[in-house]
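# Commentary on secondary and tertiary structure
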Amino acid sequence: MTTYPMTRLRRTRATAWSRAMHREVLVTPADLIWPLFVTEGEGVEDPILSLPGVSRWSVDGIVARAKEAVALGIPCLALFPNTQPDRRSEDGKEALNPDNLMCRAIKAIKQACGDDIGVLTDVALDPYTSHGQDGLIDADGYVLNDQTVEMLVGQSLNQAAAGADIIAPSDMMDGRIGAIREALEGAGHINVQIMSYAAKYASAFYGPFRDAVGSRGLLKGNKKTYQMDPGNAEEALREVEMDLAEGADSVMVKPGLPYLDIACRVKEAFGVPVFAYQVSGEYAMIEAAVAAGAADRDAMVLETLVAFKRAGCSGVLTYHAAHAARLMGA
């Protein structure tokens, strides 16, 4: 290797055209998945106070956002329902209702946009349970694995029948990927993908999301018996390996920026499509910094997305998706 001054690493940084030519990672709108929150009603835009700039939308508003995403070049939406309190129950049975809020939103998007955009759907029971846990619980509040998996299979089939393109189980139950894949194959949904929340941590960064889906005030206890310990990395690789063996087409690491090392290790170990979720707490921190005059939103949004891609992610779920896509098209 040559040394200074024969080699000057700043040479290629001296001009904008040269920096662009030597850039190793480029983020485009095609790398983005836009999470959206669905609520009941018509013509409803309900701002989420803990997520400034993000709203819950009625189905007609979700359709408008889908058309906006298509125009911006965003290839996929991720849907999360804000289920009304009177439709929540201890067993989360509303998840199996073919006319539930999620299914109506899926059908409306597909009717309006067809295959111009993908629809990724969350599979877990926390939007439907009265206790806020992701699964069925016993008398002591412990989340039951196998009984929950049976419900998740039914929920997945319900969403696939409505037109979901990607089933994304976020519950972290053991064995649910294999059970869902077998059920999808058996029902003829052979091209419905599974993006597994394979390494989902019991994180402090989820608070605003729970506000958005209406589960924060309902949650009894915590989710540490099924979501991963933030101190564990080797376990994440075991989780990913098992989910891939059971039929996952892609895997997700959640949260995002605090777990870039996990995303990088997963990509290096398995060479599969890895997605990261820049979660609600991460979004809220950026917006708080902007509000305090401590940061430039545009620069922070783009830099964080580059970090995900540099770590090996195929794409990013981010509430800044539409804003970022506009910046990229500017």
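Structure's up top.
Residues numbered from 1 in each chain as written. Predicted model: local features only at pLDDT ≥ 70, side-chain atom pairs only at ≥ 80, totals over all residues. Heavy atoms only, no water.

### A closer look at the overall build of the protein
Regarding its fold elements, the protein presents eleven helices and ten strands. Against the globule reference of 20 Å for 330 residues, the protein gives a C-alpha radius of gyration of 20 Å, in line with a compact fold. Projected onto its principal axes, the C-alpha positions of the protein cover 70 × 45 × 40 Å. Considering the protein as a whole, with its 330 residues, one finds that 53% of them fall into the buried category. (Helix = DSSP H or I, 4+ residues; strand = E, 2+ residues; numbered from the N terminus. Rg over C-alpha atoms; globule rule 2.2 N^0.38 Å. Buried < 20%, exposed > 50% of the residue type's maximum accessible area, 1.4 Å probe, protein only.)

### Quick notes on the environment of K107
As for its position among the elements, K107 is in helix α3 (residues 101-113). Among the residues examined, K107 registers a relative accessible area of 41% and is labelled partly exposed. The sequence separation of K107 and I48 amounts to 59 residues, and the corresponding C-alpha distance is 25 Å.

### What about the pairing of strand β4 (residues 76-81)?
Within β4, six of the six residues are buried, which leaves the element mostly enclosed by the surrounding structure. Residues C76, A78 and F80 line one face of β4 and the alternating positions L77, L79 and P81 line the opposite face, and both faces are buried. Bridging between strand β1 (residues 32-38) and β4 involves six bridges; their strand directions are parallel. Paired with W34 across the two strands is L77, which belongs to β4. Where β4 lies against strand β5 (residues 118-123), four bridges are found, and the strand directions are parallel. What sits directly across from C76, in β5, is G118. This β-α-β element, β4 to α3 to β5, shows right-handed connectivity. (Pairing = 2+ DSSP bridges. Right-handed = clockwise from strand over helix to strand, strands pointing away.)

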